[in-house]
Amino acid sequence: MGYERQRLPVSAELGLALVGAGALSVEWAESFAAVPRSAFLPGLMWPWDMTAGRSVFVSRVDEPERWRAYADADCPVVTQWDDGEHTGTEPGAVATSSASMPSVVFRMLRNVDLRPGDKVLEIGTGTGWNAALLAHRAGVGRVVSVEVDGVVAGRARTALDAFGSFVRVVHGDGARGYSEGAPYDRIIATCGLRRFPWTWVEQCRPGGILVAPWGTHYSHADGVARLVVAGDGRSASGKFTGAVEFMKLRAQRLPRVVHGAYVSGSVTGGDETVTELTEEEFTGGLSGPQRFAVGLRVPDCVQVEAERRGGARPVWLYGLRDRSWACAYFRDGGETRVWQGGPRRLWDEAEAAHRWWAGNGRPGCERFGLTVTAEGEEVWLDDPREICWLSRDKR
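Cut-offs and rules
Residues numbered from 1 in each chain as written. Predicted model: local features only at pLDDT ≥ 70, side-chain atom pairs only at ≥ 80, totals over all residues. Heavy atoms only, no water. Helix = DSSP H or I, 4+ residues; strand = E, 2+ residues; numbered from the N terminus. Rg over C-alpha atoms; globule rule 2.2 N^0.38 Å. Buried < 20%, exposed > 50% of the residue type's maximum accessible area, 1.4 Å probe, protein only. Contact = heavy atoms within 4.5 Å. Areas by Shrake-Rupley, 256 points an atom, 1.4 Å probe, with all protein chains shown as cover. Lys, Arg positive; Asp, Glu negative; His and termini not counted. Charge placed at Lys NZ, Arg CZ, Asp CG, Glu CD. Phe/Tyr/Trp six-rings, centres within 6.5 Å; stacked < 30°, edge-to-face > 60°. Lys NZ or Arg CZ within 6 Å of the ring centre and 35° of its normal. 1 Å grid on protein atoms, 1.4 Å probe; cavity = no way out; pocket = protein on both sides within 12 Å on 5 of 7 lines; lining within 4 Å. Points joined across faces, edges and corners; volume = space filled by probe spheres on them. Nonpolar A, V, L, I, M, F, W, Y, C, P; charged D, E, K, R; others polar. Pairing = 2+ DSSP bridges. Axes fitted to C-alpha atoms, helices over the stretch in contact; angles between N-to-C directions. Disulfide = S-S within 2.5 Å. Core = buried A, V, L, I, M, F, W, Y, C linked by side-chain atoms within 4.5 Å. Salt bridge = Lys/Arg side-chain N within 4 Å of Asp/Glu carboxyl O.

Q: I would appreciate a short explanation of the overall build of the protein chain in the present structure.
A: The secondary structure content of the protein chain amounts to 11 helices and 20 strands. Taking 21 Å as the expected radius of gyration for a compact globule of 395 residues, we find that the protein chain reaches 22 Å, a close match to that expectation. Along the three orthogonal principal directions, the C-alpha set of the protein chain runs to about 70 × 55 × 40 Å. Burial statistics for the protein chain: of 395 residues in total, 52% are counted as buried. Put simply, of all contacts in the protein chain between residues at least 6 apart along the chain, 57% involve residues at least 24 apart. Roughly 18,000 Å² of accessible area belongs to the protein chain as shown, and the carbon and sulfur atoms make up 51% of that amount. Averaging the coordinates of the 46 positive side-chain charges in the protein chain and doing the same for the 50 negative ones gives two points 3 Å apart.

This is the structure in structure tokens:
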């Protein structure tokens, strides 16, 4: 059963909005029209309500019009919580599978520069919608998609088969790629990375393109890396094309940070200083570029923003190599006091990183680039010779 027989109505309003925002390019317009997201979303889902600022539960059986409205909206939709352990209709603790915002999906697809006949490896099948879009453009039997969660993989396979999309769905660890189908012309990941698996570079042909969200453990602020494999296959390099936030590759998830393992009792046990940075200057709110940049300059560290209460918000920094910590207590209209303890002075590092970012013109992730080799990774600013982050972790 082919695409023409399975064609479903798609929101024209969403399409116009995506075109107007520069997300939906001409080469992907036909796939957008032929492969609607609604064909791959489950009957029970948790879309992000932009007005309410939270995930809400929707049932296709009970509220078909509301379900359809969210399916055709430019919003992310959670389809699994807590690795499938979640029950009930309230949101779970951690979203672990989803359908991304259509605007994000098509911006990433544009970066892939996919041509009919290209062989594609997708890491993270999710609902199967992205794989179906890839297959519609690449052609029959040209897409392999790897999904680490067996239940998610099974549901995606069912949805893809029902739609008539010829995608091979493999249940496995996407960090290992899928050597059976290599070499690939294009590899795209729909999950966030904290290091780029060298296996993917090995499985992509020289001149091939890899697209994946990449960032540090410091925050969820990722950049979409678009890398081209060198002619000799010994490296892949390219610029970041835009800011995103994605669920992490499960093999690279960070274990939950336990506050009590760092601070017992009052923060006054640490060294106290003050800072002139405001909360907005330091954190940048929901979309500030400084989180990506500061994370590059403060390695092996996690930033956690506590709930705002009484006009004040504590922002914590936790070291991942040791028990170093810092806390900046931001208050509306008042002095910001800082406490830090442990072998590292994490706040001093973070404040210096912020000054570095500001001194370089407050760059967004688009001014940064990434080079991956078998030995490790380098992030650079504007030019590959201007390295600002380096990892030589064993792969």
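Q: Is there a simple way to explain the packing of aromatic side chains in this structure?
A: Aromatic ring pairs are defined here through the distance separating the ring centres and the angle between the ring planes. Considering all chains together, one arrives at 18 aromatic pairs under this definition. Aromatic side chains Trp-46 and Trp-81 sit 6.2 Å apart centroid to centroid with 85 degrees between the ring planes, which places their arrangement in the edge-to-face category. Residue Trp-46 is found in strand β1 (residues 44-49), and its partner Trp-81 is found in strand β4 (residues 77-81); the two are separated by 35 residues along the sequence. Exposure remark for Trp-46: the relative accessible area of 8% places this residue in the buried category. With a relative accessible area of 8%, Trp-81 lands in the buried category. Through pairs of rings, three or more aromatic residues link up here, namely Trp-214, Phe-240, Phe-292, Trp-356, Phe-368 and Trp-389. Lying over the aromatic face of Trp-28, Arg-137 brings its terminal NZ or CZ to 5.7 Å of the ring centre. A cation over an aromatic ring shows up here: Arg-323 above the ring of Tyr-262, its NZ or CZ 4.8 Å from the ring centre.

Q: Would you explain the layout of surface pockets in this entry?
A: Where empty space is left can be seen by rolling a probe of water-molecule size over the atoms. The volume enclosed by the second largest pocket comes to roughly 470 Å³. As for the second largest pocket, its lining consists of 23 residues, of which Pro-42, Leu-44, Thr-79, Gln-80 and Arg-155 are closest to the centre. Sort the elements by how many residues they give to the lining of the second largest pocket and helix α7 (residues 150-163) lands first, with 4 residues. Taken together, the residues of the lining of the second largest pocket sort by class into 11 nonpolar, 9 polar and 3 charged.

Q: Explanation requested: the sheet that holds strand β6 (residues 120-123) in the structure shown.
A: What holds strands together in a sheet is hydrogen bonding between their backbones, with the strands either parallel or antiparallel. On the basis of which strands lie adjacent, the open sheet formed by 10 strands has the order β8-β7-β6-β9-β10-β11-β12-β18-β19-β20 and mixed pairing. The sheet is open, and its two borders are formed by β8 (167-171) and β20 (387-391), each paired with just one other strand. The average undirected angle you get between the axes of adjacent strands in this sheet is 20 degrees. When strand β10 (residues 204-214) meets strand β11 (residues 222-229), the two strands line up antiparallel, connected through 6 bridges. Following the sheet pairing, Pro-213 is matched in β11 by Val-224. Across the sheet, helix α5 (residues 102-112) touches β9 (184-189), β10, β11 and β12 (235-244), and the angle it forms with β10 is around 160 degrees. On top of the sheet, α7 reaches β7 (143-147) and β8; it is set at about 165 degrees to β8, its chief contact.

Q: Any chance you could explain the state of the cysteines here in plain terms?
A: In a disulfide, the sulfur atoms of two cysteines are covalently bonded to one another. In this structure the tally under the stated criterion is 0 disulfides. Between Cys-204, a cysteine without a disulfide, and Cys-191, which holds the nearest cysteine sulfur, the sulfur-to-sulfur distance is 16 Å. Here Cys-204 falls in the buried class, since its relative accessible area comes to 4%. Free cysteine Cys-388: the closest other cysteine sulfur is in Cys-365, separated by 12 Å. Exposure remark for Cys-388: the relative accessible area of 10% places this residue in the buried category.

Q: Just checking my understanding: could you explain the nonpolar core for this structure?
A: Nonpolar side chains in soluble globular proteins tend to end up buried together. Ranked by size, the top nonpolar core spans 40 residues in total, and within it Phe-196, Trp-214 and Phe-368 carry the most contacts. With 4 residues, the top contributor of residues to this core is β10. Membership of the second largest hydrophobic core comes to 37 residues, among which are Met-108, Trp-129, Val-167 and Ile-188.

Q: Is there a simple way to explain the pattern of salt bridges in this structure?
A: Oppositely charged side chains can form a pair if their charged atoms are brought close together. What the rule picks out here adds up to 20 salt bridges. A salt bridge links Arg-345 to Asp-271; the nearest nitrogen and oxygen atoms lie 2.4 Å apart. Placement of the pair is Arg-345 in the loop between β17 (336-341) and α11 (346-359) and Asp-271 in strand β13 (residues 271-275), with a sequence separation of 74 residues. Note on Arg-345: relative accessible area 31%, which makes it partly exposed. On the accessibility criterion, Asp-271 (40% relative accessible area) is partly exposed. Residue Glu-307 pairs with Arg-309 through a salt bridge whose shortest N-O separation is 3.7 Å. Note on Glu-307: relative accessible area 57%, which makes it exposed. Here the salt bridges do not stand alone but share partners, grouping Asp-83, Asp-149, Arg-250 and Arg-253 into one network.

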